[in-house]
Amino acid sequence: MSTWSLPERTLALAVAVVVALVAVAAPVLASLYLARQQSIAEQQAHMAQLARDVLRRSDQTRTQLIEAFEQMKDVDPATPCSPGRIRLMGRLALVSDQLQGLAYVDGDRLLCSSFGVFDPPVPVGAPHYRAAYGGEVRIGVELPAIPGTGFILVSRIGTGSTGIVHPRLLLDVLTEEGDIAVGLIGRSARRPIALRGTFDQAWLTALGDRSAIDLFDGDHVVAVRRSNIGDYVAFAAVPAVSIEAGLRRTAAVLVPIGAVAGAVLAFAVFYVARLQLGVPALLKAALRRGEIFVEYQPVVDLRTGAWVGAEALVRWQRRNGETMRPDLFIPVAEESGLIGRVTEAVADIVGREAAGLFARQPGFHLALNLSSIDLASDRVLDLLQRLAVRTGARAGNLVVEITERGLVRGPAVGSRLEALRRSGILIAIDDFGTGYSSLSYLKTLEVDLLKIDKSFVDTIGRDAVTSHVVSQIIEMAKGLKLGLIAEGIEQEQQLRFLRERGVDFGQGWRFARPMAFDALLAGLEAQAAAGPGGTPATRSGARPASA
Ligand code: C2E
Ligand code: CA
Ligand code: CA
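Reading the values: rules and limits
- Residues numbered from 1 in each chain as written.
- Chains lettered and ligands numbered in written order.
- Predicted model: local features only at pLDDT ≥ 70, side-chain atom pairs only at ≥ 80, totals over all residues.
- Heavy atoms only, no water.
- Helix = DSSP H or I, 4+ residues; strand = E, 2+ residues; numbered from the N terminus.
- Rg over C-alpha atoms; globule rule 2.2 N^0.38 Å.
- Buried < 20%, exposed > 50% of the residue type's maximum accessible area, 1.4 Å probe, protein only.
- Areas by Shrake-Rupley, 256 points an atom, 1.4 Å probe, with all protein chains shown as cover.
- Lys, Arg positive; Asp, Glu negative; His and termini not counted.
- Charge placed at Lys NZ, Arg CZ, Asp CG, Glu CD.
- Pairing = 2+ DSSP bridges.
- Contact = heavy atoms within 4.5 Å.
- Axes fitted to C-alpha atoms, helices over the stretch in contact; angles between N-to-C directions.
- Near = heavy atom within 4 Å.
- Polar contact = N/O pair within 3.5 Å; in protein donor to acceptor, adjacent residues only side chain to side chain.
- 1 Å grid on protein atoms, 1.4 Å probe; cavity = no way out; pocket = protein on both sides within 12 Å on 5 of 7 lines; lining within 4 Å.
- Sits in = over half its atoms within 2 Å of the grid points.
- Nonpolar A, V, L, I, M, F, W, Y, C, P; charged D, E, K, R; others polar.
- Core = buried A, V, L, I, M, F, W, Y, C linked by side-chain atoms within 4.5 Å.
- Donors = N, O, S within 2.8 Å, 3.2 Å for Na, K, Ca; no water.
- Phe/Tyr/Trp six-rings, centres within 6.5 Å; stacked < 30°, edge-to-face > 60°.
- Salt bridge = Lys/Arg side-chain N within 4 Å of Asp/Glu carboxyl O.
- Expected span 1.5 Å × (residues − 1).
- Patch = residues over 30% accessible without salt bridge, like charges linked within 9 Å, V, L, I, M, F, W, Y side chains within 5 Å.

Trainee: Got a minute to help me understand the overall build of the protein in this structure?
Mentor: A tally of regular secondary structure across the protein gives 17 helices and 21 strands. The C-alpha radius of gyration of the protein comes to 47 Å, more than 25% above the 24 Å expected for a compact globule of 547 residues. Projected onto the principal axes, the alpha-carbon positions of the protein cover approximately 140 × 50 × 45 Å. Expressed as a percentage of the 547 residues in the protein, the buried residues total 47%. Working note: accessible area of the protein is about 26800 Å², and carbon and sulfur atoms make up 57% of it. Across the protein, the 58 positively charged side chains and the 57 negatively charged ones have centroids separated by 2 Å.

Printed below as a string of structure tokens:
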């Protein structure tokens, strides 16, 4: 195992930075993108509504024009401006809500209308175009009595009968926003009949033969609708800039929210990354500054509840008050080659706190966790022998816990364990059942205790299959004449199950949590005072008397 090399760290940090940047940018961009899509969709619906409106009015106007032309058909063409005919035109204009008036056009001259005879006639010029269904259209025609308004004149070909339409009537749709363009466009002539704002021929081209189109060409959100009865289309368009104005308002809300969310995320990523990368350095400093200490979790006799031993568990409290969990930093210490120093620190602290303990508590045991790396060197033998001297340990007072993974590391481990056992130290297999399925090592290696992993104890009463495995482990341990310690007992039901199957020892919050050495000692003294069979754990149900 090696510590992370510099390039690896740099790479990891770079990845963390990229992740952090993405974490900041992604929510903001995503929310803006969604807001833009949303607002385009809303505008599209609005434009479609306006275009349909214009089209409906235009179709109505067309229908009324045709009705009026039908009515005028029978009048004598020789006297197109007779008083009778002018009265008829007046009446027809009155009943129509879309036609401003009716008129008679001869060539390019307007001779008379529902308002009366024009004398002299009004020149109206040639038609601007001819619609596909037989109408001639003139746009922007000023009438003498009403200067300043360009009327639309639609004539039935060959009859001179003409309708006068006010362009605003066609376009008088509700538009609060000033920058919306609406219009009615002659389809085959590709010319506007009535227009407010600007019209782009490309929109008509995009419509092609279809009857409706909604499009966003990057500049405008546009809706075009074709009439089913006349040769024209209606459109409405809003420039993208006015969407962007709305978007800016949305962004003003979303961007700060996104930025804060992103920053929190980025900070978390950074924090974790830095912690991972920085742990070896932090741990080195922690070992120097004495931020490392030890807590002891009692091991109890499951029949009597008496505390028969304790497991030393390393603790790391940083100066800023933060605690680092051993299952996070122990693996890092193993990878970075610092585990030996951690083990030394733990042995040293236990030696100091538990000095002379076994002279007073000869039947008690203390367990230390060893990493497989510890077993690769001879230092561990010296370390434990020194600990035995300081604590006054005799055979059976000190236990080392090694995981299954640690055991299968090679022949050197086996011989080192042998040496430990010869000096009276017991060997326990930690987290038993979680490592290798092959248990062959149990036959070749001499061990004393098995610790049933908490994950198995957890299944008792919950998962029939796995709690069956617990029973098998128990049977096997008995067959091999090994002592059993069940870890992580939290519930009465688990305790009962294990006790019924003859498991001797247990550990868990049901009895006691890891505690300072003083608390352990106080518990032991209370237990001694209560006499044989009476223990603080059995009587109070959970805690030493001092707690
Ligand atoms: P482990 O050796 O299996 O230690 C038991 C872990 O389970 C401890 O967590 C203990 O606090 C916890 N525990 C005990 N009873 C209960 C219970 O009833 N319920 C629950 N939920 N948890 C319980 P801790 O102290 O966080 O230690 C985690 C692991 O870190 C240890 O697992 C061990 O693998 C490692 N470790 C701890 N101290 C040392 C050490 O000094 N050296 C080495 N090499 N590893 C250590
Ligand atoms: Ca352990
Ligand atoms: Ca364990």
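Following the structure, the description resumes.
Trainee: What is the right way to read the sheet that holds strand β1 (residues 101–106) from this model?
Mentor: Remark on secondary structure: sheet strands pair via backbone hydrogen bonds, oriented parallel or antiparallel. The antiparallel open sheet is built from seven strands, whose spatial order is β3-β2-β1-β7-β6-β5-β4. Here the strands that pair on one side only, and so sit at the sheet edges, are β3 (116–123) and β4 (129–130). Across four bridges, β1 lies against strand β7 (residues 161–165) in antiparallel orientation. Bridging from a neighbouring strand, Leu102 pairs with Gly163 of β7. Lying on the sheet, helix α2 (residues 83–95) is in contact with β1, β2 (109–113), β3 and β7; it crosses β1 at an angle near 135°.

Trainee: Even after reading the chapter, I still don't get the site of ligand 1, so can you show me in this structure?
Mentor: Among the 20 residues in the neighbourhood of ligand 1, the closest are listed as Gln297, Arg315, Asp430, Glu490 and Trp509. Contacts to ligand 1 include Asp431, whose side-chain N or O atom sits 3.3 Å from an oxygen atom. At 2.6 Å, a side-chain N or O of Glu490 approaches a nitrogen atom of ligand 1. In isolation ligand 1 exposes 800 Å². Once the protein is present, 82% of that is buried. The cavity where ligand 1 resides is the largest pocket. The set of elements that each furnish at least two residues to the shell around ligand 1 consists of β14 (307–317), α6 (326–335) and β18 (426–432). The residue makeup of the shell around ligand 1, split by class, is eight nonpolar, five polar and seven charged.

Trainee: How should I be thinking about the nonpolar core in this particular structure?
Mentor: Grouped burial of nonpolar side chains is what soluble globular proteins tend to show. With 80 residues, the main nonpolar core has Val350, Leu366 and Leu498 as its most contacted residues. Ignoring sequence-local partners within four residues, the contact set of Leu498 consists of Leu302, Ile460, Val470, Ile474, Ala486, Ile489 and Val503. The next biggest cluster of nonpolar side chains, apart from the first, holds 40 residues, and it includes Met89, Tyr104, Leu111 and Ala194.

Trainee: Honestly, the coordination of the calcium ion (ligand 2) in this entry has me stumped. Any pointers?
Mentor: Each angle at a metal carrying four tetrahedral donors should ideally be 109.5 degrees, and each at a metal carrying six octahedral donors should ideally be 90 or 180 degrees. Only Glu311 (OE), Asn369 (OD1), Glu401 (OE) and Asp430 (OD) from the protein coordinate the calcium ion (ligand 2), and they sit 2.1 to 2.3 Å from it. When the donors of the calcium ion (ligand 2) are listed by position in the chain, the intervening gaps give E-x57-N-x31-E-x28-D. Separating the calcium ion (ligand 2) from the calcium ion (ligand 3) is a gap of 4.2 Å, which Asp430 spans by donating to each of them. One end of the pair, Glu311, is in strand β14; the other, Glu401, is in strand β17 (residues 398–403), with 90 residues separating them in the sequence.

Trainee: I would appreciate a short explanation of the packing of aromatic side chains in the present structure.
Mentor: What characterises a pair of aromatic rings is the spacing of the ring centres plus the angle enclosed by the ring planes. Under the counting rule described, the total for this entry stands at five aromatic pairs. A centroid spacing of 5.0 Å and a plane angle of 50° characterise the contact between Phe199 and Phe235, whose relative ring orientation is tilted. Of this pair, Phe199 sits in the loop between β9 (191–196) and α4 (201–207) while Phe235 sits in strand β12 (residues 232–239); the two residues are 36 residues apart in sequence, bridging distant segments of the chain. Considering the side-chain rings of Trp316 and Phe329, the 5.2 Å spacing of their centres and the 85° angle between planes classify their relative orientation as edge-to-face.

Trainee: Sorry if this is basic, but what is going on with the pattern of salt bridges here?
Mentor: Side-chain pairs of opposite charge can arise whenever the charged atoms involved come near each other. Tallied over the full model, the rule gives 23 salt bridges. Residues Asp458 and Lys454 are paired through a salt bridge, measuring 3.0 Å at the closest nitrogen-oxygen approach. Placement of both Asp458 and Lys454 in helix α13 (residues 454–459) is noted, with a separation of four residues, approximately one turn of the helix. With a relative accessible area of 31%, Lys454 lands in the partly exposed category. One salt-bridge network, held together by shared partners, links Glu311, Glu401, Lys451 and Glu487.

Trainee: I would appreciate a short explanation of the pairing of β3 in the present structure.
Mentor: Strand residues, when the strand is regular, have side chains that alternate between the two faces of the sheet. Pairing analysis gives four bridges linking β2 to β3, with the strands arranged antiparallel. Among the inter-strand pairings, Cys112 is bridged to a residue of β3, identified as Val117. The turn linking β2 back onto β3 is made up of two residues.

Trainee: What am I meant to see in the sheet that holds β9 here?
Mentor: Strand order in the open sheet formed by five strands is β9-β8-β12-β11-β10, with antiparallel pairing between adjacent strands. Whereas interior strands pair on both sides, the edge strands pair on one side only; in this sheet they are β9 and β10 (212–216). Pairs of neighbouring strands in the sheet enclose a mean axial angle of 15°, with direction left out of account. With seven bridges connecting them, strand β11 (residues 220–226) and β12 associate as antiparallel partners. Within β12, the residue paired with Arg226 across the bridge is Val233.

Trainee: Would you mind going over the coordination of the calcium ion (ligand 3) with me for this structure?
Mentor: The coordination sphere of the calcium ion (ligand 3), as far as protein atoms go, consists of Asp430 (OD), Asp431 (OD), Glu487 (OE) and Glu487 (OE), spread over 2.2 to 2.5 Å. In terms of primary sequence, the donors binding the calcium ion (ligand 3) are separated according to D-D-x55-E.

Trainee: Even after reading the chapter, I still don't get helix α7 (residues 339–353), so can you show me in this structure?
Mentor: Quick reminder: α-helices carry 3.6 residues per turn. Residues three or four places apart thus point the same way. The end-to-end C-alpha separation of α7 is 21 Å, in line with the 21 Å expected for 15 residues at 1.5 Å each. The complete set of buried residues in α7 reads Ile339, Gly340, Val342, Thr343, Ala345, Val346, Ala347, Ile349, Val350 and Gly351.

Trainee: I'm lost on a nonpolar patch on the surface in this one. Help?
Mentor: A contiguous nonpolar patch, built from Leu11, Val15 and Val19 and spanning about 260 Å² of accessible area, is present on the exposed surface. The residue Val15 is located in helix α1 (residues 6–72) in this model.

Trainee: Whenever I open this one, unusual backbone geometry confuses me. Can you help?
Mentor: Only a minority of non-glycine residues have a phi that is not negative, and only a minority of peptide bonds are not trans. Looking along the chain, the bond that leaves Asp119 and enters Pro120 is cis, with omega of 5°. Mapped onto the elements of the fold, Pro120 is located in strand β3. Look at Asp431: it is not a glycine, yet its phi comes out positive at around 50°. Mapped onto the elements, Asp431 comes out in strand β18. Judged by its relative accessible area of 22%, Asp431 falls in the partly exposed class. Look at Lys481: it is not a glycine, yet its phi comes out positive at around 60°. Tracing the backbone shows Lys481 in the loop between α14 (464–479) and β20 (483–486). Classification of Lys481 as exposed rests on a relative accessible area of 73%.

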